[in-house]
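# A look at the structure
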Amino acid sequence: MTLLKNKRTSVTKAHSQKLNNNEVLHFGIAFKIFVKYIKFYKIQFIASFLISLIATAFNIVVIIGMGDLQTLFSKIIANTNTITYVSLSSFLTFSGLLIIGYFLNSFFQWLMSMVVIRVSQGIGYKLRMDLFNHVQILSVQYFDTHESGNIMSVLTNDVSNLVIFISQNFTQTMYGLTTMIGMLILMFLISPYLSLIVIGTLIILLSFISIIIKKSGPAFIKQQKELGEMNGYIEETVSGQNIINLYNQQDNIQKDFEKTNKKLVSAGETSQGISGLLIPWLNFLASFVVAFLYGIGATFVAKNISFGGVGVSLTLVPSLTGSGNTENIILQISLLTSMILAARNFVQPINQIIVMVAQLQAAVAGCQRTDELLKQEDEYKSYENVNIDHQLKGAVEIKNLNFSYVKDKPILKNVNISAKPGETVAIVGPTGSGKTTIINLLTKFYDIEDGDIFIDEYNIKTVTKESIRKQVSIVLQDTYLFDTTIKENIRMANPLATDEQIKEAAIAADCDDFIMKLEKGYDTPLTENASELSSGQKQLIAIARAMISPSSILILDEATSNIDTRTEKIVQSAMLKLIKNKTAFVIAHRLSTIRNADKIVVLKDGSVLETGNHVELMKKKGFYYNLNMSKTDNLDLEKD
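The sections below set out a description of the structure shown in this document. Throughout this description, residue numbers start from 1 for each chain and increase along the sequence as written. Residue-level local features of this predicted model are given only where pLDDT is at least 70; pairs of side-chain atoms are given and counted only at 80 or more, and the full residue set underlies all totals for whole chains, interfaces and linings. By convention in this description, side-chain values take in all heavy atoms of the structure and omit both hydrogens and water.

In this section: the nonpolar core. Residues belong to one nonpolar core when they are buried, are Ala, Val, Leu, Ile, Met, Phe, Trp, Tyr or Cys, and are joined through side-chain atoms within 4.5 Å. Each residue's exposure class comes from its accessible area (1.4 Å probe, protein chains only) as a fraction of the maximum for that residue type: buried when under 20%, exposed when over 50%, partly exposed otherwise. Counting residues in hydrophobic clusters, the biggest one holds 65 residues, and the most contacted among them are I123, I166, L202, F307 and F346. Numbering goes from the N terminus for both helices and strands, where a helix is a DSSP run of H or I of at least four residues and a strand is a run of E of at least two. Where this core is concerned, the elements lending two or more residues are α2 (27-38), α3 (42-78), α4 (88-136), α6 (148-190), α7 (192-239), α10 (278-302) and α11 (325-375). Core analysis: the second largest hydrophobic core is formed by 44 residues, I515, I548, L554 and A584 among them.

Right, let's get into helix α15 (residues 499-508). Within the span of α15, buried status applies to I502, A505 and A506. One side of α15 carries all its buried residues, which in axial view fall inside an arc of 100 degrees. Facing away from the buried side of α15, by more than 90 degrees, are the exposed residues E500 and E504. Residues are treated as being in contact if the distance between any of their heavy atoms lies within 4.5 Å. The inward-facing, buried residues of α15 contact α14 (486-491), α16 (512-517) and α17 (535-547). After α15 finishes, the residue D510 shows a positive phi value of roughly 60 degrees. Note that the arc is defined by the directions from the helix axis to the C-beta atoms.

The next point concerns the packing of aromatic side chains. Stacked, edge-to-face and tilted are the three classes for Phe, Tyr and Trp ring pairs, Trp counted by its six-membered ring, which pair at centre distances within 6.5 Å; planes under 30 degrees apart are stacked, over 60 edge-to-face, the rest tilted. Going through the model one piece at a time under the given rule, you end up with 7 aromatic pairs. On the basis of an interplanar angle of 40 degrees and a centroid distance of 6.4 Å, the ring pair of Y37 and F40 is categorised as tilted. Judged by relative accessible area, which is 1%, Y37 ranks as buried. By relative accessible area, F40 is classed as partly exposed at 46%. Both rings, one in F403 and one in Y405, keep their centres 5.1 Å apart while their planes meet at 90 degrees; by these two values the pair is edge-to-face. Among the residues examined, F403 registers a relative accessible area of 4% and is labelled buried.

Each pair of strands is called paired provided DSSP finds at least two bridges between the two strands. The sheet built from 4 strands is open, its strands ordered β2-β1-β4-β5 with antiparallel pairing. Each of the sheet's edge strands pairs with one partner strand only, and the pair in question is β2 (409-419) and β5 (458-459). Pairing between strand β1 (residues 396-406) and strand β4 (residues 450-455): 5 bridges, direction antiparallel. Paired with V396 across the two strands is I455, which belongs to β4. Helix axes are fitted to C-alpha atoms over the stretch in contact, other axes to C-alpha atoms as well, and angles between N-to-C directions run from 0 to 180 degrees. The strands that helix α12 (residues 435-442) touches are β1, β2 and β4; relative to β1, the one it contacts most, it runs at about 110 degrees.

A few words on the sheet that holds strand β7 (residues 553-557). Strand order in this open sheet of 6 strands is β6-β7-β8-β3-β9-β10, and the pairing throughout is mixed. With partners counted over all chains shown, the strands left at the sheet margins are β6 (472-475) and β10 (607-612), one partner each. Strand-to-strand twist in this sheet, taken as the mean axis angle between neighbours without regard to direction, amounts to 20 degrees. Where β7 meets strand β8 (residues 583-587), 5 bridges bridge the pair, whose relative direction is parallel.

By the element assignment, G273 lies in helix α9 (residues 250-276). A sequence separation of 54 residues divides G273 from A219, and the C-alpha atoms of the two residues are 9.8 Å apart.

How far a helix is expected to stretch is found by multiplying one less than its residue total by 1.5 Å. Between its first and last C-alpha, α17 extends 18 Å over 13 residues, near the 18 Å set by a 1.5 Å rise per residue. Among the 13 residues in α17, 11 count as buried, and that is most of the element. Taken residue by residue, α17 has G536, K538, Q539, L540, I541, A542, I543, A544, R545, A546 and M547 as its buried positions.

So, about the pattern of salt bridges. Just to be clear on terms, a salt bridge is a Lys or Arg side-chain nitrogen sitting within 4 Å of an Asp or Glu carboxyl oxygen. For the structure on display, the rule yields 11 salt bridges. Across the pair K465 and D447 runs a salt bridge whose closest N-O atoms are separated by 3.2 Å. You can see K465 sitting in helix α13 (residues 465-470) and its partner D447 sitting in the loop between α12 and β4, a full 18 residues away along the chain. With relative accessibility at 1%, the residue K465 sits in the buried group.

So this is what it looks like as structure tokens:
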């Protein structure tokens, strides 16, 4: 465990350093993920774009209509007695039509948001499924070297950030882009001169905003990293709460969590603080552009300078146009009104998109972590092309095996072990001697670096992992039972097993009695990690699960170390039935549990020190003999 923790820590630090040195956000990664999944919703995407165009068209019509409405109102105020075709009823009718235009604009925006929400939730569903399925085929080494809290954070927080961003902002973005294009066209139709002035002003003001965005990017990545770290710490703490309470470590844990929490708060304050500068600056930008346009536009009107656009032809009601100086001033003021409304509508999406960029950075940070997880190499290799579709006899030959988790720190050194079919081989040795590593290589949880392992003449390097694992069943020190019924937990080792076969396995494993005393028997649902069962009961169910497996090789990894002496006898009795007719590898700290093994392999510092049965090793009077003659039965207490 210490070694794995060190590996995980070193990898985590390297990962953190990588994130801290990443000063430029990978927007391309987010775009790549978006394009990858949006292709499943092409029709909805096109539909939302068309709806956005319709909404924008109604917005343009309303803005032109507002200019006409001002013209109409100005003429009523100027001389209501001579302009007979203008009446209050026509004014109210025109106002009502504009209200309908606003309503239709809002309706189509809502309709587009409904389409986008469905798309975003669909993308989230597919992305989570892809991530979860990919996690299922990652190597055990990946989980040993990465915090599970960080992995969970990618599957939950990071994907949620992307889904929320799409559902809340994609509608605004699409509508904002179509609106900007529509308003830009309208502005140039009204006045190319004023439009160029507005665009030039915006470019100058937006250059300041780009600095803010660039600074906030790395801050959001750090925030996501700290969130993942905190999730991992919380998960570890909750899982080990009983140990924390036992040793009264609540105060120390609280202090450590406070440090982790403060790091997250600091990262959040930095990222949110920098992005928080956007809102005040954008408010100033919008107000400045409108005020500036008012001033320039008023100067044009006062000096009788032409706007340079289509002029009076830009109207919904041609009958409102006329001639004369007063008429021209009224029409210019009306065009200026439309110009200001168009400019405001042009600036507003820019503001929304820039504010959205702050939220986008959280989504991009999540996309980067998501992409990193999806790029992790799965455990399957191209050279693993041999499929075994029959049950093997179980002959195992380990030849010249060398392995290290960390470069230049060997764990196994030229290990050679053989086991005949049906033979029980016990592997003993102090903690850190490499016992579990041999099992990790035999089950292909880790790939063999140097040396070979043969099962029935098959070199497992070329055999698919699925084929090998069908030949192996394991009972571990820490039994894990899933959140389902007892019956389904046992059936997991053999999905084709019938209820009768499950009961036979449970009887053989001496767990049928206590199962039948439960309210629902074999259909009793278990809570998380079966907290309602004792350690011995969970171990017996695990043995029943191994019994029902059609495997030829059995691994018992400290299967009795967590249970009391009385329960140990029951479990050992069940294990003897389990071992029958299988090649068994037994890892144990207690010497008393392995004295009847056909062969005992003594490991020390990653090398095979002695090999033989109990009688043979006792006659040698070597390391194994000294262990047996010592006062303790536990190898962990032996330092020599």
